[in-house]
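Examining the three-dimensional arrangement
Letter by letter, the chains look like this.
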Amino acid sequence: MRAHSLTIDRRRLFRGAAVLTLAGLLAFAVGAQSAQGQATAPAKPFSAQVEKRAAEMRKKMTLEEKVGQLVQFPNGGTRGPDGKGIDQNELLARGGVGSLMSPSDASAVNAFQKQAVEKSRMKIPVIVGTDVIHGFRTIFPVPLGLSASWNPDLVEKTSRVAAVEATSEGIRWTFSPMVDIARDARWGRIMEGAGEDPYLGAQFAAAAVRGYQGKDLSDPTSMIACAKHFVGYGGAESGRDYNLVDMSERTLRDVYLPPFQAAADAGAGSFMSAFSSLQGVPASANHHTLTDILRGEWGFRGFVVSDWDSVNELINHGVALDGETAARKAVTAGVDMDMGSGRYGENLVKLVRSGKVPERVVDEAVERILRVKIAMGLFEHPYTDETRRQTVLFAPEHVALARRAAVESFVLLKNDPIAGGAPALPIAEGKTVALIGPLADNAGEMLGVWECRGRDSDVITLRQSLADRLKDKLIYAKGTEIETDSEAGFSGALEAANRADVVVMALGETRRMTGEAASRTKLVLPGNQLKLLQAVAATGKPVVLVLFSGRPLALPWEAAHIPSILEAWYPGDQAGPALASTLFGETNPAGKLTVSFPRAVGQEPLYYSIMNTGRPVNPGNPYVTRYIDELTTAQFPFGWGLSYTKFDYSATKITTTAARAKDLNTTGAITIEATITNSGARPGEEIAQLYIRERGTSVVRPVRELKGYQKILLKVGESRLVKFTLTKKELSFWNIDSKQTVEPCELTVWVAPHSDGGQPAQITIAP
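Given the structure is predicted, the values throughout are model-derived calculations rather than measurements.

Conventions used here
Residues numbered from 1 in each chain as written. Predicted model: local features only at pLDDT ≥ 70, side-chain atom pairs only at ≥ 80, totals over all residues. Heavy atoms only, no water. Helix = DSSP H or I, 4+ residues; strand = E, 2+ residues; numbered from the N terminus. Rg over C-alpha atoms; globule rule 2.2 N^0.38 Å. Buried < 20%, exposed > 50% of the residue type's maximum accessible area, 1.4 Å probe, protein only. Contact = heavy atoms within 4.5 Å. Areas by Shrake-Rupley, 256 points an atom, 1.4 Å probe, with all protein chains shown as cover. Lys, Arg positive; Asp, Glu negative; His and termini not counted. Charge placed at Lys NZ, Arg CZ, Asp CG, Glu CD. Pairing = 2+ DSSP bridges. Axes fitted to C-alpha atoms, helices over the stretch in contact; angles between N-to-C directions. 1 Å grid on protein atoms, 1.4 Å probe; cavity = no way out; pocket = protein on both sides within 12 Å on 5 of 7 lines; lining within 4 Å. Points joined across faces, edges and corners; volume = space filled by probe spheres on them. Nonpolar A, V, L, I, M, F, W, Y, C, P; charged D, E, K, R; others polar. Parallel < 35°, antiparallel > 145°, perpendicular 65-115°, else oblique. Left-handed = near helix turned anticlockwise from the far one by under 90°.

What follows deals with the overall build of the protein chain. Within the protein chain, the secondary structure is distributed over 26 helices and 28 strands. Compactness check: the protein chain gives a C-alpha radius of gyration of 26 Å against a globular reference of 27 Å for 767 residues, within 12% of the reference. If you line up the protein chain on its principal axes, its C-alpha atoms span 80 × 65 × 45 Å. The burial tally for the protein chain puts 63% of its 767 residues in the buried class. Long-range pairs, those at least 24 residues apart, make up 79% of the contacts in the protein chain between residues at least 6 apart in sequence. Accessible surface, the protein chain as shown: approximately 27,600 Å² in total, 50% of it carbon and sulfur. Side chains of the protein chain carry 86 positive and 84 negative charges; the gap between the two charge centres is 3 Å.

Next up, the structure:
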């Protein structure tokens, strides 16, 4: 199945320097990307026929068979009701497991299904899942990098490719997307999401769901999405993974829930409960979030799976003293499927028979799971066509999309002129380039974590691409390792720098420094990489820093002394060609940050949409909210990203003459516009961002909030009028009376290139 159309030379695609121009990349797009123009269709409940069939099937099941549907184990790790290991085929044949994880390939999946469908009494197929996070065999940039594209359509396409590839191996369920809002760069899993903003996070959540699931769940290429980790997991105290989360109901409603609601509205088939506790209640035993909000308020009809072993971990949290209590609290809160712990299989039958768990609770959970299996067409088509993988895994069109995705993910953080002349980027043709650093030729690191079936051998590194392009005008030196104190390679690196016209430094984190269980207290370049960078910069040669990371890093020295810095994240299979085309100006960087980069780790958690205090920053007054040893602002703010061209913004204009809260709470709207001009010497894409601030409200509101954006391509000298509309969706918030509403206020708006820019305009919203 083709994800898109592209004619490209296979040989150059897999080995050579990038050949896609800016215009070629934009040929993929269908006009300007506008968040406000992408309305997510409301979640459609399962058809009456599906609902009826699930209910009828459930009525025919024994209690043991019903409990079996609520049990998930890893492939080869099955356990019986007694908690002891059991032959997997035996458990499948008795209907004792509803889902298996992480199979080796399609033939293994077909073997599972044969046991479940042909030997169990109810002939219910298993649903097979795994962590398909940013690609299956074709690996795209990590999710935080993809979010820097500000292009949900791109994420929908990459998710569709991931689904096409994964389903060819029998995997019809992914534990993705992670839609947790993350505002603390110390937290390793910040890499897996779309950053710090709920408005933008909601756009990407819906896009990923649409991509994974496609237009019809019964399509063999449809893969059920799983919105995780519900909810608040990204707010872990001190940025330490699995740690407690404590926030107000207002913060939960205004910040952390919107991406999950967007996923539900887009039709996500499943949700995953988080490891963490929220307001003192573990997420996997939280009736308020799992039942009151998810089912009661949002009408979610899919099923909820726990995160790995999190049902059992209720004991560690201290809300259960044994597995029986843990199972009871989880299932009655609204966790339908137990991932890995075995506590449901061991305890639910006796809990129901003793009256401690009403059987209707199990019945409801079973029906939710059966609905999804029926809608997926698993009963009619339980087996996977084992020949399909031969044509879809790492298909050329998928690789081309991976290159495009990498290009769109790059963020140009800095590009100052050198000694009054031109900036170091883009690199002029004919220059001799020294490529230095431990990430210049490290294929595995380019994949990032959660690389699924990605292969190091598929990756084209930056060194490979530059060698193809520059031939003998490339000088390479590794210089150092990512984590080491040894300076053995410094002399070779300095020799290479002295022989070159320009130096490209490829530095950053190891991929294992981000992701699950990868929190850091230091956000600087690890090892002695900064020392190497300082030594190379001291040669006086122009230096370009290409930064590989899965989180914002603190770069105070780098930002002050290195003229050009490009954030590349972990770009995936096509790292080298995408970077080469960007470094040499064949593609113009247009990515924008979705997370704030700190000046120091002590600023964390750091995010742009802060609440003002009674003593806001005032340089003339020490008794304000400040640090005595550092600025309060980000080094690079949310929405930041430069280009090889220059964009000018006109004054922001509100074209609505009057506004009333009463009208805005129904069908009213406020319209805003501004003109963006490309005043530089190259065509380029710009992401015009709409921010608002509401004052005079019943509760404190953020100093700025993103409420729209448009991604536009402008030719040299071209101007474009961008227009935005604010409705109840954008203007309402959880007020002092615990109601989602628009209130009378003084509204300030900005159309800006980032969260710290733009010219304001104001309007009063009357009652």
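On to the sheet that holds strand 17 (residues 564-567), then. Taken in spatial order, the six strands of this open sheet run 12-17-16-15-13-14, and their pairing is mixed. Each having just a single partner strand, strand 12 (411-415) and strand 14 (474-477) make up the two edges of the open sheet. Pairs of neighbouring strands in the sheet enclose a mean axial angle of 15°, with direction left out of account. Both strand 13 (residues 433-436) and strand 14 contribute to a ladder of four bridges, which runs parallel. The residue bridging Leu435 from the neighbouring strand is Tyr476, located in strand 14.

With that out of the way, let us pick up the sheet that holds strand 2 (residues 71-74). Strand order in the open sheet formed by five strands is 5-4-3-2-11, and the pairing between neighbours is parallel. Where the open sheet ends on each side, the last strands, each with one partner, are strand 5 (173-174) and strand 11 (338-339). Pairing analysis gives three bridges linking strand 2 to strand 3 (residues 99-101), with the strands arranged parallel. Bridge pairing links Phe73 to Leu100 in strand 3.

Time to look at empty space enclosed by the protein. One pass over the structure, following the stated rule, counts three cavities of 30 Å³ or more. If you go around the largest cavity, you meet 27 residues; those closest to its centre are Pro143, Val155, Pro177, Glu192 and Ala208. Those elements that provide at least two residues to the lining of the largest cavity are helix 7 (143-147), helix 8 (152-167) and helix 9 (198-213). Residue contributions to the lining of the largest cavity peak at five residues, all from helix 9. Lining the second largest cavity are 13 residues, and of these Gln69, Gly95, Ser120, Met122 and Ile124 sit closest to its centre. A breakdown of the residues in the lining of the second largest cavity according to their chemical character gives seven nonpolar, three polar and three charged.

Next up on the list: the packing of helix 9 against helix 11 (residues 258-265). For the pair helix 9 and helix 11, the least separation of the axes is 8 Å and the interaxial angle reads 25°. Relative to helix 11, the element helix 9 is oriented roughly parallel. The handedness of the crossing between helix 9 and helix 11 comes out as right-handed. Contacts between helix 9 and helix 11 pair Pro198, Gly201, Ala202, Ala205, Ala206 and Val209 from the former with Pro258, Pro259, Ala262 and Ala263 from the latter. Class assignment for the residues of the contact of helix 9 with helix 11 results in nine nonpolar, one polar and no charged.

Geometry only, nothing functional implied.
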